[in-house]
Amino acid sequence: MSPTSTMALFATMFLLAVVPGPSVFAVVARSMASGFYHGVVTAVGIVIGDVVFIFLAILGLWTLAETSAFFWVKYLGSAYLIYVGVATLRSKPRQQPIEGIRELSWLSNFTCGLLITLSDSKAIVFYAGFLPAYVDLSDISVTDMTAILLSAAIAVGGAKLLYAYLADKTRGLLRNNRVQTVINGLASSTMIATGLFLAINT
């Protein structure tokens, strides 16, 4: 890949990652409900999911996304997002909501981010049709693969971290317990709606 192609790939990935969608909603919801670092861990899961699809596209195995295994992963992801939404809805604000509500573990947030990407069937189709415009997949080098993975990690991860930061700052300004309850309600509704959206699309 030439430097120009790498920059174009990075810019495209970042712009697409910034567009509001299920993954953005998940990061915002987790940051609003439990704090910035929970949003960060969710973003890491999202990036890992993208990496999986990138490898499938590079290896020419993108049709695996249409197998029964991925079909059940999509439903599992949808169900898990709904579960996270319900858990957030049932949580109660503490005396100091600014400290965050630790109702979900780091692993739960990571799994949430990973499954939301693997549940999005459009992601693998996107990478399978998108990457050939920037690199010849039939003659890809280790350097090219490294550039693609780094571009995805920084562009997609950076976009999600931006949302996590903004959501956390907004949450941090609202210290009242009643307001925190409303925030939890919005976050949980977002997660549940995202899960239902992915299930319907699947």
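As a starting point, this report considers the structure included with it.

1. Quick look at the overall build of the protein
- Counting its regular elements, the protein contains eight helices and zero strands.
- For the protein, the α and β elements follow one another from N to C terminus as α-α-α-α-α-α-α-α.
- When burial is assessed residue by residue, the protein has 44% of its 202 residues classed as buried.
- In the protein, the share of contacts with a sequence separation of at least 24, taken over all contacts with a separation of at least 6, comes to 85%.
- Counting only carbon and sulfur atoms, one obtains 69% of the accessible surface of the protein, whose full area is about 10,000 Å².

2. Topic: helix α1 (residues 3-18)
- Look at α1: 23 Å from first C-alpha to last across 16 residues, which is about the 22 Å you get at 1.5 Å a residue.
- Listed as buried for α1 are Leu9, Met13 and Ala17. The arc enclosing the buried residues of α1, seen along the axis, measures out at 60°, which places them on a common side. Opposite the buried face of α1, by more than 90 degrees, sit the exposed residues Pro3, Thr4, Met7 and Leu15.

3. Things to note about the side chain of Asp144
- Position of Asp144 among the secondary structure elements: in helix α7 (residues 142-172).
- Among buried charged residues, Asp144 stands out as having no salt bridge; its nearest opposite-charge side chain is Lys160, 25 Å away.
- If we ignore the near neighbours within four places in the chain, the residues touching Asp144 are Met1, Val135 and Asp139.

4. With respect to the nonpolar core
- One finds Met13, Phe53, Ile54, Tyr127, Leu131 and Ile148 to be the most contacted residues of the largest nonpolar core, which totals 29 residues.
- Broken down by secondary-structure element, the contributors of at least two residues to this core are α1, α2 (22-34), α3 (36-58), α5 (106-118), α6 (121-130) and α7.
- It is α3 that contributes the most residues to this core, nine residues altogether.
- Setting aside its immediate chain neighbours within four residues, Leu131 contacts Leu9, Ile54, Ala57, Ile58, Leu137 and Ile148.

5. With respect to the environment of Gly35
- Residue placement: Gly35 occurs in the loop between α2 and α3.
- In the structure, Gly35 is positioned 132 residues away from Ala167 in sequence and 8.4 Å away in space, judged by C-alpha atoms.
- Contact partners of Gly35, with chain neighbours within four places excluded, come to Arg30, Asp168 and Arg171.

6. Thoughts on the environment of Ile124
- Relative to the assigned elements, Ile124 resides in helix α6.
- Judged by its relative accessible area of 0%, Ile124 falls in the buried class.
- Separated by 68 residues in sequence, Ile124 and Leu56 place their C-alpha atoms 7.8 Å apart.

7. So, the packing of α3 against α5
- At a minimum axis distance of 7 Å, the contact between α3 and α5 shows a crossing angle of 40°. Classified by the angle between their axes, α3 and α5 sit oblique to one another. Crossing of α3 over α5 shows right-handed handedness. Touching Tyr37, His38, Val41, Thr42, Val44, Gly45, Ile46, Ile48, Gly49, Asp50, Val52 and Phe53 of α3 are Trp106, Asn109, Phe110, Gly113, Leu114, Ile116, Thr117 and Leu118, all from α5.
- When grouped by side-chain class, the residues that make up the contact of α3 with α5 number twelve nonpolar, seven polar and one charged.

8. Side note on a nonpolar patch on the surface
- Taken together, the side chains of Phe10, Phe14, Leu15, Leu150 and Ile154 make up a nonpolar region of the molecular surface, amounting to roughly 460 Å² of accessible area.
- Going through the elements one at a time, α1 and α7 are the ones with two or more residues in the nonpolar patch.
- When residues in the nonpolar patch are grouped by element, the largest group, three residues, is from α1.
- Mapped onto the elements, Phe10 comes out in helix α1.
- Assessed through its relative accessible area of 31%, Phe10 is described here as partly exposed.

Reading the values: rules and limits
- Residues numbered from 1 in each chain as written.
- Predicted model: local features only at pLDDT ≥ 70, side-chain atom pairs only at ≥ 80, totals over all residues.
- Heavy atoms only, no water.
- Helix = DSSP H or I, 4+ residues; strand = E, 2+ residues; numbered from the N terminus.
- Buried < 20%, exposed > 50% of the residue type's maximum accessible area, 1.4 Å probe, protein only.
- Contact = heavy atoms within 4.5 Å.
- Areas by Shrake-Rupley, 256 points an atom, 1.4 Å probe, with all protein chains shown as cover.
- Expected span 1.5 Å × (residues − 1).
- Arc of directions from axis to C-beta.
- Lys, Arg positive; Asp, Glu negative; His and termini not counted.
- Salt bridge = Lys/Arg side-chain N within 4 Å of Asp/Glu carboxyl O.
- Core = buried A, V, L, I, M, F, W, Y, C linked by side-chain atoms within 4.5 Å.
- Axes fitted to C-alpha atoms, helices over the stretch in contact; angles between N-to-C directions.
- Parallel < 35°, antiparallel > 145°, perpendicular 65-115°, else oblique.
- Left-handed = near helix turned anticlockwise from the far one by under 90°.
- Nonpolar A, V, L, I, M, F, W, Y, C, P; charged D, E, K, R; others polar.
- Patch = residues over 30% accessible without salt bridge, like charges linked within 9 Å, V, L, I, M, F, W, Y side chains within 5 Å.

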